[in-house]
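Listed here are the chains, written in short residue letters.
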Amino acid sequence: MKRLSRRTMLRGAGGVALGLPFLEIMGRPKTALGQAMPGYTASGAPKRFIVWFTPNGTIPSAWTPTGGESDFEFSRILKPLEPYRKKLLIIDGVDQTGEGGDGHQNGMQGMLTGQTLNPGAFKGGDGGTAGWANGISVDQRIAQVIGTQTKLKSLELGVQTGGNEDNWNRMSLLGPDQPLPPENSPFKAYERLFKDFAATPDAAAKAIERDKTVLNAVSDNFRALQAKLGAEDKARLDKHLQAITEIEGRLGLKPKAALDSCAAPVLGSSTLAVTKNENFPAVGKLHMDLLVMALACDLTRVGSIMWNRSVGGATHTWADPTIVRGHHDMSHDGDTLPDTVEWLTKINLWYTEQFAYLLKSLDSIPEGDGTMLDNTVIWWCNELAKGNSHSRNDSHYVVAGGAGHFRMGRCLKFPYKDTVRHNNLLLSFVQAMGIEDTTFGKPEWCTGPLSGMV
Amino acid sequence: MPARSLGSWLLLATLAGCQGNITGTAGGDAPPLSNGAAGGSSGMPPGSGFDTKSECERLGTGLNPGPSPLRRLTREEYDNTVAELASDASKPGKDFPPEARALGFNNIADAQTVTTLLAEAYQTAAEGIAERATKNASTLLGCSESDSACIDGFIQRFGARAYRRPLAADEAQRLRTVYDWGKTNTTALDGVRMVMEVLLQSPDFLYRPELGADEAAPGVLHLSSYEMATRLSYLFRGSMPDQILLDEAAADRLKTADQVRNQAERLLADPRARDTFKSFHRQWLDLEQVANLDRDPALYEGYTDAIPGLLQQETEAFIDHVVFEDGGKLKTLLTAPYTFANDALATFYGLAAPAGDAFARVMTDATQRKGLLTQGSLLALQSKPQQTSPVHRGKFVRESLLCQFLPPPPANLVITPPELNASLTTRQRFGQHSADPTCSGCHEQMDPLGLGFEHFDAVGRWRATENDLPIDATGKLVRSDVDGDFDGAAALADKLAGSEQVADCMMKEWARFSFGRSETVDDACTLEHTKEKFAAADHDIKQLVLALTQTDAFLYRKAVAP
């Protein structure tokens, strides 16, 4: 394992070894009254936000905990999370009805945006067509504020999310009609995150100047062409130019500080076929390890892992060897088929085990007076509440960590179809990061932060 | 929206009227799609129908090119282009993020968005290409990388090929400034690399910008000959213009419809055109998905992991042969009494085997198996792991061959597909769909069509019985111009081969693929004229694509003020 001490990393970045206290190193902005700044906990640790997506709904009867708000009992599917009871906020019954597209498209595009779907050309399961959501996703809104100091504004990872881009396999958007693709290869993600990890200061500085010279010229060429084009084509190039500007702006941002646990992870054989069904669990684990290290090395503070995709057809033989059908295919079966219900329960249980692994990894990294998990908000979401009905009423969510904002160790149950607004939950996440927004997504669907969270 | 009349183009493009009893609306005329246009400016829902004949009459005799959105190179086009431009066969596009498939295709301009991840991938690819190209600097430059005139010559020469047109003076100057930075701060050779990196990330390379040339009619421009060379080249070669196209462009000889047609005919005869046709069919029929097939060898004797790849090869070899070696008729595609197989695949199918691994033409029993629809690739793709799926097979024919869409099951309907049952046939198990009025409204569009394929199992092999019960492969086609009863897939293929609607559907798919966009009412004459020529050529697919190059949409563009 290539391990770099915090001191080495500091030298690598600035050329000078510094001995600043932890909080200074992490770049906490100073405030006169000692108040926590946006993106930082009261003790000065950086806040982080992670979206964890699994598709095709769950089996509500095996998911929903029994008991009351704080004396709840873990359900069969959520049982593996029991060790983290005090760091969980289980949310049952938020309603995301949305507008536009088929059930999966609507769920997938509305889940993080709280927006309607724009018209577009993607065929839904309904034969109709729909496009992308009409607004920024919650993770990207958060990244706009807390992602400015890191090498990557955010890190989108995906486990076999499919070979083509469509509105079933994108959940993060930079803005209306601007989907962000998840990286499906842990090896490519590694290159992005860690390739310049150990460059010497002089070489790094020169390389940055060089890259800037190239990208400046590229940007000039974009602007020169834009001046000759009509408004629509100009707008197309604008998005591309923005992406180049962002790359350019981050050239100077190296891992400038990190926790002692920071180390470039060892991925093993790069010949692993990342799209092969049987490698699904292995790819997922590599992504989780990468994400945890990206946070520990402060390469990014916003991330997501998208397991499969909406309408995903992975055959989850690892959850139960008798499973021979694809996940989405089975998710359409009726509630009266015991085999399918059992298989779907096991698939969701398997996902909980993966989620528990991520929590364990984050919780094993000390930070400030707690662990990295404590300073992070992780949201496990699903584009549907129930697969066979495509319902998006009464969604089943888990929030972990809390970033010192949410009151954890509870299970919140909202009444059935009580129109508890999904957008309110999204706003709560934004506010949990210390961002003082008062609405999120389509304004008509947001009445304030979700009640009972803090 | 214009009134629809039977037999008009795209009449049944939307089939939202089949909700039947689910929503209480009786089947009937198709209401408009609920989800609007294909993004951008078209204003027409994709797949929504309009009568090309009457709309063309309404447009009159003027030039109506429709929109010409700025198109970006697809991954495949990028790879082909750098292979010719920089002799780099490493296919860097494989490392790009997945691309959007809209209207079924990856080259639809409105769906081609750019994110930081893609911009980073372009950057990484450009660095790699420049690095590899300058390993042999003397070949690349033909002179010394430190020599000023040498560099200016390289910038002009390489730049013109990258941009597919000569460079303007200020463009060359910007590149020279980049080189100078490298020469001063790193090395002259690195300066050359930097110039290449700029070119390979510039919009003039990654996109196909068109500014237009002289006015052809009020508000309508000819393309410049260089722009036309690029249109032709990416349509037929999937790559940058070849030397002949660049020479014709330099002489400004790509302006008239005849000049364009002459080059189109030449390019169509070039072996590279076969790759474009392969790409079209791969996307139209979703053939890439065949590789993801997963079947249990315990259920399907003789099935191995090699079979999906062989099935895809079969269909691709078959289509290539029909189009380029056997007359190219749509009818042949649907009804040819042969397929392509190698020894392993023929054995799997139980056909007479050619010797060895190479694919060869194999005659079939045409009462059982004829044409594209009876090939294992499509039959297996539209099946489930343990059983056939009449619903999906019917839906596939509806959507891909008849260009009709079906609405979804209602949002909160609990769907209980019939369970596997070893004492029933699939037809018997699916009986509920036709018996239950909640289902039959839509499923009468799919199931009776898909049940016609029941002689083929979920891996595409012929079967006389299922669970020891005889197969009944009778079916019924409704809501088409060739309605009626039929018995088996071969009879259905014959029906579809005689359908104007199928021919129109293929024409529309090719138009979308060729123009990189959805059709608009402005395209009525473009489509109507292509349709007439396609029919006059007895539905020869090559003639269809040539006809598309003779349309307003291909020959002109609207003047757009910057």
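In this text, all values refer to a predicted model and were calculated from it rather than measured experimentally. (Residues numbered from 1 in each chain as written. Chains lettered and ligands numbered in written order. Predicted model: local features only at pLDDT ≥ 70, side-chain atom pairs only at ≥ 80, totals over all residues. Heavy atoms only, no water.)

**Thoughts on the overall build of chain B**
For chain B, the count of helices and strands is 25 helices and nine strands. When each of the 562 residues of chain B is scored for burial, the buried share is 60%. Counted over contacts in chain B with a minimum sequence separation of 6, partners at least 24 positions apart contribute 68%. Total accessible area computed for chain B in this model is approximately 20700 Å², and 51% of it derives from carbon and sulfur atoms. (Helix = DSSP H or I, 4+ residues; strand = E, 2+ residues; numbered from the N terminus. Buried < 20%, exposed > 50% of the residue type's maximum accessible area, 1.4 Å probe, protein only. Contact = heavy atoms within 4.5 Å. Areas by Shrake-Rupley, 256 points an atom, 1.4 Å probe, with all protein chains shown as cover.)

**Some thoughts on the overall build of chain A**
Looking only at helices and strands, one finds twelve helices and 13 strands in chain A. Looking at chain A as a whole, 63% of its 454 residues qualify as buried. Within chain A, residue pairs in contact and separated by at least 24 positions form 72% of the contacts whose partners lie at least 6 positions apart. Working note: accessible area of chain A is about 15700 Å², and carbon and sulfur atoms make up 53% of it.

**Some thoughts on the nonpolar core**
Counting residues in each nonpolar core, the largest one holds 102 residues, and the members touching the most others are B:Leu232, B:Phe236, B:Phe318, B:Leu333, B:Leu496, B:Met506 and B:Trp510. Leave out the neighbours within four places in its chain, and B:Phe236 touches B:Ala264, B:Leu267, B:Leu268, B:Arg272, B:Ala273, B:Thr276, B:Val545, B:Leu546 and B:Thr549. Residues A:Leu88, A:Leu290, A:Trp343 and A:Cys411 belong to the second largest nonpolar core, which totals 65 residues. (Core = buried A, V, L, I, M, F, W, Y, C linked by side-chain atoms within 4.5 Å.)

**Looking at the confidence of the model for chain A**
With 89% of its residues at a pLDDT of at least 70, chain A reaches an overall mean of 86. Note on residues 1-34 of chain A: pLDDT under 50 across the span, and 59 contacts to partners over four residues away in sequence or across chains. (pLDDT = per-residue confidence, 0-100.)

**Topic: the interface of chain A and chain B**
Contact residues are listed per partner, giving 67 residues for chain A and 76 residues for chain B. The junction of chain A with chain B conceals about 6100 Å² of combined surface from both sides, 56% of it contributed by carbon and sulfur atoms. Viewed at the interface, chain B and chain A are joined by six salt bridges. Of the charged contacts, one joins A:Arg210 and B:Glu197 as a salt bridge, the two residues approaching to 2.8 Å between their closest N and O atoms. One can count 13 residue pairs in polar contact (both at pLDDT 80 or more) joining chain A with chain B. Residue assignment for the side of chain A that touches chain B shows that the elements contributing at least two residues are β4 (122-123), β5 (129-130), α6 (186-194), α7 (201-226) and α8 (231-249) of chain A. (Buried area = accessible area lost by both parts, 1.4 Å probe. Salt bridge = Lys/Arg side-chain N within 4 Å of Asp/Glu carboxyl O. Polar contact = N/O pair within 3.5 Å; in protein donor to acceptor, adjacent residues only side chain to side chain.)

**Structural notes on the pairing of strand β11 (residues 376-381) of chain A**
All names here are of chain A. Across the six residues that make up β11, a large majority, six, are buried. Along β11, one buried face is formed by Thr 376, Ile 378 and Trp 380 and the opposite face, lined by Val 377, Trp 379 and Cys 381, is buried too. Pairing analysis gives six bridges linking strand β2 (residues 48-53) to β11, with the strands arranged parallel. Paired with Ile 50 across the two strands is Ile 378, which belongs to β11. Relative to strand β12 (residues 395-401), β11 runs antiparallel, the two sharing four bridges. Within the sheet, the bridge partner assigned to Ile 378 lies in β12 and is Ala 400. (Pairing = 2+ DSSP bridges.)

**Re the packing of helix α6 (residues 169-185) of chain B against helix α7 (residues 188-201) of chain B**
Residues and elements named next belong to chain B. In contact at an axis separation of 7 Å, α6 and α7 are set at 145° when each is read in the N-to-C sense. Judged by the sense of rotation from one axis to the other, the crossing of α6 with α7 is right-handed. On α7, the residues that touch Leu 175, Val 178, Tyr 179, Trp 181, Gly 182 and Lys 183 of α6 are Ala 188, Gly 191, Val 192, Met 194, Val 195, Val 198 and Leu 199. (Axes fitted to C-alpha atoms, helices over the stretch in contact; angles between N-to-C directions. Left-handed = near helix turned anticlockwise from the far one by under 90°.)

**What to know about a negative patch on the surface**
A contiguous patch of negative charge, built from A:Glu278, B:Asp294, B:Asp296 and B:Asp305, is present on the exposed surface. Counting through the fold element by element, A:Glu278 comes out in the loop between β7 (263-264) and α9 (280-296). Residue A:Glu278 is classed as exposed on the basis of its relative accessible area, which comes to 56%. (Patch = residues over 30% accessible without salt bridge, like charges linked within 9 Å, V, L, I, M, F, W, Y side chains within 5 Å. Lys, Arg positive; Asp, Glu negative; His and termini not counted. Charge placed at Lys NZ, Arg CZ, Asp CG, Glu CD.)

**Focus on the side chain of A:Gln160**
Residue and element names in this part refer to chain A. The residue Gln 160 is located in the loop between β6 (155-159) and α6 in this model. Judged by its relative accessible area of 11%, Gln 160 is buried. Polar contacts involving the side chain of Gln 160 include one to the main-chain carbonyl oxygen of Lys 276, which spans 2.6 Å. The residues contacting Gln 160, other than those within four sequence positions of it, are Asn 184, Val 274, Thr 275, Lys 276, Asn 277, Asn 279, Phe 280 and Asn 308.

**Quick look at the sheet that holds strand β2 (residues 220-222) of chain B**
All names here are of chain B. Read across the sheet, three strands follow the order β1-β2-β9 without closing on themselves; strand pairing throughout is antiparallel. The sheet is open, and its two edges are formed by β1 (215-217) and β9 (556-558), each paired on a single side. Across this sheet, the average inter-strand angle for adjacent strands is 45°, counted without regard to direction. Direction of pairing for β1 relative to β2: antiparallel, over a ladder of two bridges. Bridging across to β2, Glu 215 finds its partner in Leu 221.

**So, the packing of α9(A) against helix α11 (residues 338-363) of chain A**
Residue and element names in this part refer to chain A. One can describe the packing of α9 onto α11 by two numbers: an axis separation of 10 Å at closest approach and a directional angle of 25°. What the angle tells us is that α9 and α11 run roughly parallel. In this structure, the crossing between α9 and α11 has a hand that is right-handed. Each of Phe 280, Pro 281, Lys 285, Met 288, Asp 289, Val 292 and Leu 295 in α9 lies in contact with α11, whose residues at this interface are Trp 350, Tyr 351, Gln 354, Tyr 357, Leu 358, Ser 361 and Leu 362. A breakdown of the residues in the contact of α9 with α11 according to their chemical character gives ten nonpolar, two polar and two charged. (Parallel < 35°, antiparallel > 145°, perpendicular 65-115°, else oblique. Nonpolar A, V, L, I, M, F, W, Y, C, P; charged D, E, K, R; others polar.)

**Details of the state of the cysteines**
Inspection of the entire model under this criterion finds four disulfides over all chains. Paired by a disulfide, B:Cys143 and B:Cys150 hold their sulfur atoms 2.0 Å apart. Disulfide B:Cys143-B:Cys150: the torsion about the S-S bond is 80°, which places it as right-handed. Here A:Cys381 is not cross-linked by a disulfide; its sulfur's nearest cysteine counterpart is in A:Cys446, at 17 Å. (Disulfide = S-S within 2.5 Å.)

**Focus on helix α20 (residues 437-450) of chain B**
All names here are of chain B. Compared with the 20 Å implied by 1.5 Å per residue over 14 residues, the 19 Å span of α20 between its first and last C-alpha is a close match. Along α20, the sharpest change in direction is near 75° and occurs at His 443. Counting buried positions along α20 gives ten out of 14 residues, so the element sits mostly inside the fold. Of all the positions in α20, only Cys 439, Ser 440, Gly 441, Cys 442, His 443, Gln 445, Met 446, Asp 447, Leu 449 and Gly 450 are classed as buried. (Expected span 1.5 Å × (residues − 1). Bend = angle between axes of the 7 residues up to and from the residue.)

**As for the side chain of B:Glu528**
All names here are of chain B. With respect to the helices and strands, the residue Glu 528 is situated in helix α23 (residues 524-536). Buried Glu 528, no salt bridge; nearest opposite-charge side chain is Lys 531, N-O distance 4.4 Å. With near-sequence residues (within four places) excluded, Glu 528 lies in contact with Thr 52, Lys 53 and Cys 56.

**Focus: the pairing of β2(A)**
Residues and elements named next belong to chain A. Of all six residues in β2, six are buried, a share of seventy percent or more. What you see with β2 is no split at all: Arg 48, Ile 50 and Trp 52 on one side and Phe 49, Val 51 and Phe 53 on the other are buried throughout. Note: β2 against strand β8 (residues 302-307), five bridges, orientation parallel. Across the sheet, Phe 53 pairs through a bridge with Met 306, a residue of β8.

**Some words on the environment of A:Pro415**
Within the secondary structure, A:Pro415 is located in the loop between β13 (410-413) and α12 (422-432). Judged by its relative accessible area of 45%, A:Pro415 falls in the partly exposed class.

**Quick look at the pattern of salt bridges**
All names here are of chain B. According to the stated counting rule, one finds 61 salt bridges over all chains in the structure shown. Across the pair Arg 193 and Asp 190 runs a salt bridge whose closest N-O atoms are separated by 3.3 Å. In this pair, Arg 193 and Asp 190 are both assigned in helix α7, three residues apart and thus about one turn of the helix distant. Just as Arg 193 is buried, Asp 190 falls in that class too. A salt bridge links Glu 210 to Arg 557, with the shortest nitrogen-to-oxygen separation between them at 2.9 Å. Of this pair, Glu 210 sits in the loop between α8 (203-206) and β1 while Arg 557 sits in strand β9, and the two are 347 residues apart along the sequence. Of the two residues examined, Glu 210 and Arg 557, each falls in the buried class.

**Things to note about the packing of aromatic side chains**
Taken as a whole and assessed by the stated rule, the structure comprises 34 aromatic pairs over all chains. Look at A:Phe49 and A:Phe429: their rings are 5.4 Å apart centre to centre, the planes differ by 50°, and that puts the pair in the tilted class. Taken together, the residues A:Phe49 in strand β2 and A:Phe429 in helix α12 connect sequence positions 380 residues apart. In this pair, the class of A:Phe49 matches that of A:Phe429, namely buried. For the ring pair B:Phe348 and B:Tyr349, a centre distance of 6.2 Å and an interplane angle of 45° mean the geometry is tilted. By relative accessible area, B:Phe348 is classed as buried at 6%. Owing to a relative accessible area of 8%, B:Tyr349 belongs among the buried residues under this scheme. Across from the ring centre of B:Phe554, 5.9 Å away, lies the NZ or CZ of B:Arg231, which sits over that ring. The aromatic ring of B:Tyr338 is capped on one face by B:Arg361, whose charged end is 4.1 Å from the ring centroid. (Phe/Tyr/Trp six-rings, centres within 6.5 Å; stacked < 30°, edge-to-face > 60°. Lys NZ or Arg CZ within 6 Å of the ring centre and 35° of its normal.)

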